[in-house]
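Below are the chains, spelled out letter by letter.
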Amino acid sequence: MTTASEPRGSIDTALKNARQLLTQRPDLAGEQAREVLKAAPAHPTARLILGASLRLSRKPDEAAAVLAPLCEEQPQWVPPLLEYSLTLNDLNSPLKAISILKRAVAVKPDSADAWRLLAEQLDIAGTSAEADAARAQYLRAANRDPKLLEAASALVANDLPKADRLLRRHLDAHGSDIAALRMLAEVAGRLRLYREAESLLTRCLELSPSFDAARHNLSTVLNRQGRPAEALEQLGILLKKDPKSPAYLNSKAAALANLGDYDAAIDCYESVLNAAPRQPKIWMSFGHTLRTAGRQTESIEAYRRAIAMEPTLGEAWWSLANLKTFKFSNEDMGALESALKTESLSSEDRLHFEFAMGKALEDRNSFEQSFCHYMSGNAIRHKLRPYNAAVNTTFVRRSREVFTPGFFAERTGGAPASDPIFIVGLPRAGSTLIEQILASHSEVEGTIELPDLPQLARELSRSEQSEEPGRFFAAVSALDAGERQALGRRYLESTRVHRKSNRRFFIDKMPNNFNYVGLIQLILPNAKIIDARRHPLACCFSNVKQHFAQGQDFSYSLDDIGRYYRDYVALMAHFDEVLPGRMHRVLYEAMIDDTETQVSRLLDFCGLPFEGACLRFYENDRPVRTASSEQVRQPIFRDGIDQWRHFEPWLDPLKQALGPVLPSYPEVPRGDFLSS
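Keep in mind that what you see is a predicted model, and the values were worked out from it rather than measured. The residue numbering used here restarts from 1 in each chain and proceeds along that chain's sequence as written. Where local features are concerned, this predicted model is filtered to residues with pLDDT of at least 70; where side-chain atom pairs are given and counted, the filter is 80 or more; whole-chain, interface and lining totals use all residues. Excluding hydrogens and water, the side-chain figures rest on all heavy atoms present in the structure.

### Some remarks on the pattern of salt bridges
Side chains bearing opposite charge may pair, as long as their charged atoms lie close to each other.
Consideration 1: By convention in these notes, a salt bridge is any Lys or Arg side-chain nitrogen within 4 Å of a carboxyl oxygen on Asp or Glu. Taken as a whole, this structure holds 36 salt bridges when the rule is applied.
Consideration 2: One salt bridge connects E196 with R168, and the closest N-O pair in it is separated by 2.2 Å. Of this pair, E196 sits in helix α12 (residues 194-207) while R168 is found in helix α10 (residues 160-173), placing the two residues 28 residues apart along the sequence.
Consideration 3: Under the scheme applied here, a residue whose accessible area is under 20% of the maximum for its type counts as buried, over 50% as exposed, and between as partly exposed, the area being computed with a 1.4 Å probe on protein chains only. Relative accessible area serves as the criterion here: at 35%, R168 is assigned to the partly exposed category. Only DSSP runs of H or I covering at least 4 residues are called helices, and only runs of E covering at least 2 are called strands; the numbering of each starts at the N terminus.

### Observations concerning unusual backbone geometry
Consideration 1: Look at the link from Y665 to P666: it is a cis peptide, with omega at 5 degrees.
Consideration 2: A positive phi angle is found at R428, which is not glycine, with a value near 65 degrees.
Consideration 3: Examined against the element boundaries, R428 turns out to sit in the loop between β1 (420-425) and α25 (431-439).
Consideration 4: Looking at R428, the relative accessible area reads 15%, which means it is buried.

### Section: the layout of surface pockets
Where empty space is left becomes clear once a probe the size of a water molecule has been rolled over the atoms.
Consideration 1: A volume near 1300 Å³ is recorded for the second largest pocket.
Consideration 2: Considering the residues around the second largest pocket, the lining is formed by 36 residues, among which N89, D90, K241, D242 and S245 are closest to the centre.
Consideration 3: When residues of the lining of the second largest pocket are traced back to their parent elements, those giving at least two are α3 (44-56), α5 (78-90), α7 (112-124), α8 (128-142), α13 (212-224), α14 (228-241), α15 (246-259) and α16 (262-275).
Consideration 4: In terms of residue count, α7 provides more of the lining of the second largest pocket than any other element does, seven residues in total.
Consideration 5: Grouping the constituent residues of the lining of the second largest pocket by class yields 17 nonpolar, seven polar and twelve charged. The method works on a 1 Å grid over the protein atoms by themselves. A cavity is a set of points holding a 1.4 Å probe that cannot get out, a pocket is an open set with protein on both sides within 12 Å along at least five of seven lines, and residues with an atom within 4 Å of a point line them. Grid points are joined across faces, edges and corners, and a volume is the space filled by probe spheres set on the points. In this classification, Asp, Glu, Lys and Arg are treated as charged, Ala, Val, Leu, Ile, Met, Phe, Trp, Tyr, Cys and Pro as nonpolar, and every other residue, Gly included, as polar.

### A few points about the nonpolar core
Consideration 1: For our purposes a nonpolar core is just a set of buried Ala, Val, Leu, Ile, Met, Phe, Trp, Tyr and Cys residues, chained together by side-chain atoms within 4.5 Å. Among the nonpolar cores identified, the biggest contains 155 residues, and F328, F403, F472 and Y565 are the most heavily contacted of them.
Consideration 2: Element by element, the count of residues in this core is highest for helix α31 (residues 558-578), at twelve residues.
Consideration 3: Any two residues whose heavy atoms approach within 4.5 Å at even a single point are treated as in contact. Residues in contact with F328, not counting those within four places in the same chain, are W317, L320, A321, M333, L336, A356, A360 and R364.
Consideration 4: Core analysis: the second largest hydrophobic core is formed by 45 residues, A18, V66, W77 and W115 among them.

### A look at the packing of helix α1 (residues 10-21) against helix α2 (residues 26-39)
Consideration 1: Across the interface, α1 lies against α2 with an axial gap of 8 Å and an inter-helix angle of 160 degrees. Here α1 is positioned roughly antiparallel relative to α2, judged by the angle of their axes. In terms of crossing hand, the pair formed by α1 and α2 is left-handed. Counted together, I11, A14, L15, N17, A18 and L21 of α1 and P26, L28, A29, Q32, V36 and A39 of α2 form the full contact between these two elements. With axes taken as lines fitted to C-alpha atoms, and helix axes fitted only over the stretch in contact, angles between N-to-C directions fall between 0 and 180 degrees. Any angle that falls under 35 degrees is termed roughly parallel, while one over 145 is termed roughly antiparallel, one within 65 to 115 roughly perpendicular, and all others oblique. Helix crossings are classified by the rotation of the near helix relative to the far one: an anticlockwise turn of less than a right angle makes the crossing left-handed, while a clockwise turn makes it right-handed.

### Re α31
Given 3.6 residues per helical turn, the α-helix brings residues three or four places apart onto the same face.
Consideration 1: One less than the number of residues in a helix, times 1.5 Å, gives the span that helix is expected to have. Its 21 residues place the ends of α31 31 Å apart at the C-alpha level, agreeing with the 30 Å of an ideal helix rising 1.5 Å per residue.
Consideration 2: With 18 of 21 residues buried, α31 is to be regarded as a mostly interior element.

### Some details on a negative patch on the surface
Consideration 1: Patch criteria: residues need more than 30% relative accessible area and no salt bridge. Like-charged residues are merged within 9 Å; nonpolar side chains of Val, Leu, Ile, Met, Phe, Trp and Tyr are merged within 5 Å. The method behind every accessible area is Shrake-Rupley, applied with a 1.4 Å probe, and residues are considered shielded solely by the protein chains displayed. His is not counted, nor are the chain ends, whereas Lys and Arg count as positive and Asp and Glu as negative. For the purpose of locating charges, the reference atoms are NZ of Lys, CZ of Arg, CG of Asp and CD of Glu. The grouping of D261, D263, D267 and E270 at the surface amounts to a negative patch.
Consideration 2: Mapped onto the elements of the fold, D263 is located in helix α16.
Consideration 3: Note on D263: relative accessible area 55%, which makes it exposed.

Okay, here's the thing in structure tokens:
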């Protein structure tokens, strides 16, 4: 780096004093710097100190006027770049700050400060994958221990097993290394081992309570576990320090939305975007929340704002398509086609564009082209998130072996409460419609797809990946009466945060809970269970067309979804035999054809008196978070029942995977029909 020579004598002494004053008395530091500049007007260090003093004195506009030209004149000098990025943060210009910080790390790749600031700005901009990568680089630069350097490199390369192994070995010898603890929490988070990540981050904060980045990570981990109230507690601590932080406010809005407080979440997003409007991913998150709250027109406007700022933001385009009732214009079609021709498009953006184009072409009755785009999107997703169908089949087989009549006869009890109504099945099988009908009753509260039961199951198996199903069954079998009752009470307590009224019952419509009917029987024997079922081809292909925000990895190939549906039917048939009358099945087609009869039967099963509002469910303005949110705000319509038939010429792999389940629907085939 080449800079002007440092002056000697009084100037040198004045600059030294100014540096010492910066943190405590930035105004005096600025006066010292100005005195030096009277003698040496172009002195770079004096200008840097002046810019820093102005920023610390909360005069970011004046600071920028000093620092911007200094950065241009001294492009290889990192300190002005860092100071200017901090100033841009104060000016709510994260995208410009990111650009400056990328220059800094290019000049000095081992600058821990530059990588840390870059990660924070990427978080603010909502670019989580890039932020994670920058954070890994920060940790790599922050600690020069060779073992940690190797672990950080593995983390940057997403070689999680190697990073995990190296970090655990390092922590065996250096258990209080907070950088290593946070890195290991990052590994756990990427593996969705959220309880472990929480424990590691909690330890970080025990050792260093001011480790704000770890606290912010902890809030994210808590929110991802469906514990938004606890996430908000952590964010409250951070916001006391920095009440205007866009990153913290963005996280707060996400937690509020997860809590079901959509009005507060919307206010929070508006606060962030009013202060810093050029943040496309936050506009997109804002659009998601507006959509859930039923404010569709405003959600479309938010998605459009995001696209205007970042035309290749694939998720924003898919979010428009995912409104279901939205139709793309000819101009939109041109933009979609242009984006798909962009060679530099990331895999994540490309798969969203493929799904969006599939929906756009389907709306225009170009079914063969639509199918090709859907399958292209599925292929990318399947590559990014491989799915092992055999693991699910093994789990179902073990469930049928373990959960016998004798097993349940020996294990009575559990928490006696009858509050929960579980709606289980596959996604896109009509569960949101059933939920909306029930939530229109004066004694039933709708919530969201609650993660609490799968979390309990993961803890019992001590494996978040469910790769060792034997652990789950051994743990469930070993529970005594007190433990079963405690688990039921824990579920009721952890879900209480989502209950906003004093209604007798609440709905948990996590569809994947069909895997845990046995667990529900053990810990909540009086809870109601409703099995939402839809024609195999209609349900499965509707899943294949749908890009889910997270999970549902079984839905990204015709073969996988067919096998999954087949296993699901086998498991439900088993519980029909083992626990007769325990579940009430609602066929989507029957609900559409004879709504009043089906609603009456549904309410009878739940022990609820008939209420006319359940037939006028579309008048209920409660927030709805699933892909069917717009459809359940309309009266019953038949349009979607046979939509799959347009694609039937290309569904042979799905038919083969479904096997005997397809021709027998809605009855259950005889004999063992598990997939293999």
